[in-house]
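Examining the three-dimensional arrangement
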Amino acid sequence: MRRSIIGFIIFALGILSVSFSADAQHPGKVYRIGFLSAFSPPLPSAPTPVLDAFWHQLRELGWMEGQNMVVERRWAERRLERLPALATELVQLKMDLILVGGGLEILAAKQATRTIPIVMMTPLDAVAQGFVASLAHPGTNVTGLTLMTTDLNAKRLELLKETVPGSARMAVLMCKAPAVPGMDFASSEGWAAMQVTAHALGVQLQRLEVREPDDYEGAFAAAISEHAEAMFVAQCYFNLFNPQRIVVLAAKYRLPAIYSWRGWVQGGGLMSYGPSLPDLARRAATYVDKILKGAKPTDLPVEQPMKFELVINLKTAQALGLTIPPTLLMLADEVIR
């Protein structure tokens, strides 16, 4: 269960330990790729379907590590304060490209270099967070993919309301701002926009903020004490660091919860709605390929997800005493029975 969740979340923040290679712009040149992640390296035995999609796409494009590419991997191991130093280390190693995942990794890399191309994987909102000037014209050395956080959060709230139709109060499990010296980080979790959606649904939101592992039990207890009938689990660092803890507590407190990606549901969560991570992986690989073949980041528009997945765990629904509406089951891309 834990391995399933971690396998997906690791990619959500851009942890890629991959094999690459290609028919690059300069035949014979060995390109240097840096990977920067807030996470720890994945266990060798952990399933990695998303990473497999990324590797396959790169192989299709002709890239293979050890022939015309070397890969330098740097893992912060959940110590976010290490990211600036790790990014600086990659820059000093004269990378040709740096691949990053979430917001803090992007910010650390961007602060470390204004010239080395940076390909981002899963920032919540690259424009709102200041990583690029606009989707069409990034205007910096940063390009890649960005999530549609505001729209996705609205859809998740709607799905949760449909799943628990009588709910009038929902808890939102959010993260406190990471305390990283010298890094002013805008999380873009979209609280204000969520309030607007909740009002339209006739739901009152309860904001709960966490940072440390010990914060979660208290957060769930607070949700119950305030009569929350469902929970929205925000996509943020500390939640992504503690997936199994959250899923177990949701079961313990009998709170129907919605998550960002299918890995949570495969690990026992009730439901998820979000981008297809294998699709994002394949598209991220094309950015790496284009840049190594001579394209400039400023000429590559930032792209948003195109394929989305609704995943429902009927075993969890039954344990919670929930009946999933038939309309949702028909819409689901995967139903775990």
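See the structure shown above.
Small disclaimer: the values here were computed from a predicted structure and weren't measured.

This part is about the packing of aromatic side chains. For the structure on display, the rule yields seven aromatic pairs. Residues phenylalanine 39 and phenylalanine 241 carry aromatic rings whose centres are separated by 5.0 Å and whose planes lie at 75 degrees to one another, so their mutual orientation is edge-to-face. Within this pair, whereas phenylalanine 39 is found in the loop between strand S1 (31-37) and helix H2 (49-61), its partner phenylalanine 241 is found in helix H8 (residues 237-241), the two being separated by 202 residues in sequence. No difference in accessibility class separates phenylalanine 39 from phenylalanine 241, as the two residues are buried. With 6.1 Å between their ring centres and 15 degrees between their planes, tyrosine 273 and phenylalanine 308 make a pair best called stacked.

We now examine helix H5 (residues 149-163). Look at H5: 21 Å from first C-alpha to last across 15 residues, which is about the 21 Å you get at 1.5 Å a residue. Along H5, the positions that sit buried rather than exposed are Thr149, Leu152, Asn153, Ala154, Arg156, Leu157, Leu159, Leu160, Lys161 and Thr163.

Moving on, we come to the sheet that holds strand S9 (residues 257-259). The seven strands lie next to each other as S7-S6-S8-S9-S10-S11-S12, forming an open sheet whose pairing is mixed. Because the sheet does not close on itself, it has two edges, and the strands there are strand S7 (204-210) and strand S12 (334-336). Across the sheet, the axes of successive neighbouring strands diverge by a mean angle of 20 degrees, strand direction being ignored. Along the sheet, H5 contacts strand S6 (169-175), S7, strand S8 (230-233), S9, strand S10 (271-275) and strand S11 (308-313); its crossing angle with S10, the most-contacted strand, is approximately 160 degrees. Seen against the sheet, helix H7 (residues 215-225) touches S6, S7 and S8 and runs at an angle of roughly 165 degrees to S7.

What makes a disulfide is a covalent bond joining the sulfur atoms belonging to two cysteines. Tallied over the entire structure, the rule returns one disulfide. Linked covalently through their sulfurs, cysteine 175 and cysteine 236 form a disulfide whose S-S length is 2.0 Å. Judged by the sign of its S-S torsion, about 70 degrees, the bond between cysteine 175 and cysteine 236 is right-handed. Taken together, the positions of cysteine 175 in strand S6 and cysteine 236 in the loop between S8 and H8 put the pair 61 residues apart, joining distant regions of the chain.

Parameters and conventions
Residues numbered from 1 in each chain as written. Predicted model: local features only at pLDDT ≥ 70, side-chain atom pairs only at ≥ 80, totals over all residues. Heavy atoms only, no water. Phe/Tyr/Trp six-rings, centres within 6.5 Å; stacked < 30°, edge-to-face > 60°. Helix = DSSP H or I, 4+ residues; strand = E, 2+ residues; numbered from the N terminus. Buried < 20%, exposed > 50% of the residue type's maximum accessible area, 1.4 Å probe, protein only. Expected span 1.5 Å × (residues − 1). Pairing = 2+ DSSP bridges. Axes fitted to C-alpha atoms, helices over the stretch in contact; angles between N-to-C directions. Contact = heavy atoms within 4.5 Å. Disulfide = S-S within 2.5 Å.

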